[in-house]
Amino acid sequence: MMMLAFLEKYFAKLIACTCGACATCRFISDFACLLLTFFMLNAMVLLCRYAAGEYSKFRSMPLVETAIALAESGKIGALNLIFKRHPYTISSDILRVLSAIPETLAVQTYSQLLPGKSPPSVIILRDGDWVECEQMASYINNCPAELDKIGEIKTEILVKHSKGFSWPSVAELCEWYRNRARDIDCLSGQLENCLAMIELACQKGIIELQPFFDDIKCLYQVVYSNELNEFTMNLLTWEDLPDYEKFKIILRGVKEDTVVQRLEENAIPFMKKRLYSTSSNNERKQESYLVRWLKEVAAENELLICLAVIENGCGESPIYGLFKDLAEMIETAVHCIYMCSATNQWN
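Summarised in this report is the structure supplied together with it. A quick note: this is a predicted structure, and the numbers were derived from the prediction, not measured.

Examining the pattern of salt bridges
Here comes step 1: Tallied over the entire structure, the rule returns 10 salt bridges.
Here comes step 2: For Arg 96, the salt bridge is made with Glu 65, and the minimal N-O distance between the two is 3.5 Å. Of this pair, Arg 96 sits in helix H7 (residues 94-99) while Glu 65 is found in helix H4 (residues 63-72), placing the two residues 31 residues apart along the sequence.
Here comes step 3: Classification of Glu 65 as partly exposed rests on a relative accessible area of 33%.

Here it is as structure tokens:
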């Protein structure tokens, strides 16, 4: 750490002392910044072993490609360094870089790198040299075609002045997070990682992903339910299921002594979210998932399960949300009785 602090001070002085032609100053500043980045990466990844060949390769390779290589090898600390020292350069390809991180890696290890709805509000860069001004950035952006090579020499401060952050849109972020969660589930089978990733996205302000988070959470609860030890399903298959099929899966395996708890904790919240997310009044007027499910259960001669639900839909402390009103509950009870062919259960 002392060596890195020394190098940072040394290169800051080197950059500050550049003089002469503007192009020469920018050339020195650019390569001094890259050299310091290389030394810091070298210290983290290669334990301070300097190799001229490695530096030459690093200098000739676009920073984005370096970041992708670090991501692929799971070197999150080094990747974090690139993000901090070159945030504007990386921003336009941030999703491509993050996609290279192995799906088996715990999301918490790179949570600080995951993008939010907008770019970071606080960016700490070194003090700019006199040549790294907005006028120079404007000149580079408008330089003649024959001087394009000059435009390739840009320090991070010049990138900031010339284009700033190239941040993904909300639609692009949502699509990336969804695809990343699906890839994690498909390639690693770690559903808890999918859940953690989308939860982080919501916490970072991408509230458009809340329904997707709720969907994954339902699947997670079903897969890890104590009553469904052998149930398995991947995220893609779950997403493609109709909502009522998901509702039935949530209640799979319940008994008369567990059905009410499962309804209250999982199935009813799921049903309400689906009910209020629909924009069709006709769909809202149709019988609820619960009523439809109770009729199917009664047809399978499981009237005791129906009774447990109906008993908790009335009385002194009814469970809110089971039935729309008393009339619906009575009508459902009558339907259940007549659909159950085991007449010995009617009493």
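Structure's up, so let's keep going.
Looking at helix H11 (residues 170-188)
Here comes step 1: A rise of 1.5 Å per residue sets the reference length of H11, with its 19 residues, at 27 Å; its end C-alpha atoms lie 26 Å apart and thus fit the reference within 8%.
Here comes step 2: Regarding H11, the residues found buried are Leu 173, Cys 174, Trp 176, Tyr 177, Arg 180, Ala 181, Ile 184 and Asp 185. Along the axis of H11, the buried positions cluster into a sector of 165°, meaning they face one direction only. The exposed residues of H11 that point more than 90 degrees off its buried face are Ala 171, Cys 186 and Leu 187.
Here comes step 3: Elements in contact with the buried residues of H11: H7, helix H12 (191-203), helix H13 (210-223) and helix H14 (235-240).
Here comes step 4: At the C-terminal side of H11, Gly 189 shows a positive phi close to 70°.

Conventions we followed
- Residues numbered from 1 in each chain as written.
- Predicted model: local features only at pLDDT ≥ 70, side-chain atom pairs only at ≥ 80, totals over all residues.
- Heavy atoms only, no water.
- Salt bridge = Lys/Arg side-chain N within 4 Å of Asp/Glu carboxyl O.
- Helix = DSSP H or I, 4+ residues; strand = E, 2+ residues; numbered from the N terminus.
- Buried < 20%, exposed > 50% of the residue type's maximum accessible area, 1.4 Å probe, protein only.
- Expected span 1.5 Å × (residues − 1).
- Arc of directions from axis to C-beta.
- Contact = heavy atoms within 4.5 Å.

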